[in-house]
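Report on the structure
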Amino acid sequence: MSEFCRVVPWYNSDEWQKVYEELSDSSSNKENALNILLVWKARCPSLPSGIESTLSLLQVHVEDIQHNENVNNDQLLRLAYSSAIMRFVNHMLDTETIKGSSLYQAAKNLGVPDWIVDLRHDTAHSNNLPLITLLREACTISLQWLQHNYWDKYKPNITDCVSSKKEVASEDVNKISMLINLYASLSICAHPNCKIKNLSEIPNTEMSESIANDTEDLFGDRVDLTNVKTMSIMSLINILNLESKNLLKIPDVSTHVNEAVLGEDSLFMSRELLYFFSANDFKHKNRLNNSYMQCFEVLLKFLHKNDLLLKFILDLVKITQNCEQHFKARLAALWLSEILLALKRCNEFSLKIKKMSVDDKQSRNKKDLTKLYHHWFPSPKKNNLMLDLQKAVPRELQDINYIQPIIAAYNPFLVYFIRNLLNLIDPSIPNSVAERVYKLAEVISTPEKFPSPANVIYTEDDLKSVNEDLVNSEEITEDIQLTEKCVPKSVRDSQVINGIWRLASKNHNWSSCPIGQLPWQQKHYNHEALNS
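The model shown is predicted, which means the values in this text are computed figures rather than measured ones.

About the thresholds
Residues numbered from 1 in each chain as written. Predicted model: local features only at pLDDT ≥ 70, side-chain atom pairs only at ≥ 80, totals over all residues. Heavy atoms only, no water. Helix = DSSP H or I, 4+ residues; strand = E, 2+ residues; numbered from the N terminus. Contact = heavy atoms within 4.5 Å. Areas by Shrake-Rupley, 256 points an atom, 1.4 Å probe, with all protein chains shown as cover. Salt bridge = Lys/Arg side-chain N within 4 Å of Asp/Glu carboxyl O. Buried < 20%, exposed > 50% of the residue type's maximum accessible area, 1.4 Å probe, protein only. Expected span 1.5 Å × (residues − 1). Arc of directions from axis to C-beta. Phe/Tyr/Trp six-rings, centres within 6.5 Å; stacked < 30°, edge-to-face > 60°. Lys NZ or Arg CZ within 6 Å of the ring centre and 35° of its normal.

Along its length, the chain carries 26 helices and 2 strands. A separation of at least 24 residues holds for 66% of the contacts in the chain among residues at least 6 apart in sequence. A total of about 32,000 Å² of accessible surface is found on the chain, and carbon and sulfur atoms cover 51% of it.

Okay, here's the thing in structure tokens:
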């Protein structure tokens, strides 16, 4: 923040100007200005001296106007006026007295009448308080002095200065985009099916040159690429994991990262790359091909390692809520399912590791942990999605209150990932509750599988007409009386709740009754309808 900017108690310059206009208006009763000043006092107990003195004097002045007919209040008013004037003299003459000047000399230098200083002395040292008329006059003159020497003086300097986050240079944004593309390229090259170990083995010359050039542009001499022929893909990835931390220190870095990963031209949301591996899995099996997912495993590990995965997951959720882009919404939902499942495995893996002995933990390096992971979570060809095994699950995803808005929002694609999302909650929710949520997500996703039992829509007019027909219905009265006779008195009495409510009779099929009608009303209504 600039040295010429200050944190102030007023909300904006308009609020300050409003107080100024109220104070300068001779016809105003000053009550509105006083209320705003009291708000400032609540916001900032230590106000500038000019505002503090104005507030003290204005409080007494407004109180005096509102209760000037109360004779018994005279002594309290004199005491309040005297205290406010004393504070005014002490505060406003302080700049001169600290230089060694007396109060009278300070008052003369600043244009304050010397008799007001006398009132200050009488208040502090005399046994009697000054007369109320004299105190009122002193208050009026003091407020006028403050208007001229504080409010008018600072009026031209009151402007708005909004403190905001540091703007991110376009160069930094470009570097983030370049870094993401670099990780995406290395992630594809590290795919097991490519069988590429060193950078020199990349068959596509343009990709090889692009990786080298981007690395040099981002990190310069910090990454030595002189031995490209012998540098392995994984070695370069490990170096980038260390060197990229400085690039991620820009404000709101997760937003720029997600724009690069989920943008229009990104490989992550590319239809062509998805269908290249297997369109059948996506279209008919509601899943992502394992080989396709491994194209982005290095990139997703990078997000997980640098605490960027939570915001990435939330942005994927936003994409699933956009039903207009059906392909992207469905692809994002399937990615969410796999990422959340991988996080669940990471959590389970971490719990298993904690149960191991200390010596056994220390003896295992990163490669051993990977082997152990595939041993505990086997899959065909060891190609299930694996995130950073040394990072925990984001705590927010384990909090039911945090994910509740995701569950509550209407989302026809929620059914794809809701189960894996709820499996992360700690402590886990009861299975019965989870199953209800799954069923609700399924109803939203496939409403055609859960048709409504009736297409009749009842309105208020229907209810009114039924009630009018049933007001004097002897048939209904007899039906109710017959129902009561069939139930023993002891049972009826035991079913009374809170002294006024009685449990409904079991002789009627309540589950088939439309909302807004009682079973006997439905029967009577249908009977009338048939007769008509």
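Taken as a whole and assessed by the stated rule, the structure comprises 14 salt bridges. One salt bridge in this structure joins Glu15 and Arg43, with 2.9 Å as the shortest N-O distance. Here Glu15, found in helix H1 (residues 13-24), pairs with Arg43, found in helix H2 (residues 31-43); they are 28 residues apart in sequence, far enough to count as distant. Owing to a relative accessible area of 19%, Glu15 belongs among the buried residues under this scheme. Judged by its relative accessible area of 43%, Arg43 is partly exposed. Residues Lys175 and Glu171 are paired through a salt bridge, measuring 3.9 Å at the closest nitrogen-oxygen approach. Remark: Glu171 and Lys175 occur in helix H9 (residues 170-189); sequence separation between them is 4 residues, near one turn of the helix. Since its relative accessible area comes to 25%, Lys175 is described here as partly exposed.

In this section: H2. One turn of the α-helix equals 3.6 residues, which is why residues spaced by three or four share an orientation. Here H2 contains 13 residues, and its C-alpha end-to-end distance of 19 Å stays within 8% of the 18 Å for a straight helix at 1.5 Å per residue. Of the residues making up H2, those classed as buried are Ala33, Leu34, Ile36, Leu37 and Trp40. Seen from one end, H2 has its buried residues packed into an arc of 165°, which puts them on one side.

A few words now on the packing of aromatic side chains. Going through the model one piece at a time under the given rule, you end up with 20 aromatic pairs. A ring pair is formed by Phe268 and Phe296, whose centres lie 5.1 Å apart and whose planes are at 75°; its orientation type is edge-to-face. Taken together, the residues span a long stretch of sequence, with Phe268 in the loop between helix H12 (253-262) and helix H13 (271-284) and Phe296 in the loop between helix H14 (290-294) and helix H15 (297-305) at a distance of 28 residues. Taken as a pair, Phe268 and Phe296 share a single burial class, namely buried. Taken together through their ring pairs, the aromatic side chains of Trp10, Trp16, Tyr20, Trp40, Tyr150, Trp151 and Tyr154 make up a single cluster. Across from the ring centre of Phe327, 4.0 Å away, lies the NZ or CZ of Arg271, which sits over that ring. One residue, Lys283, lies across the ring of Tyr275, its end atom 4.9 Å from the ring centre.

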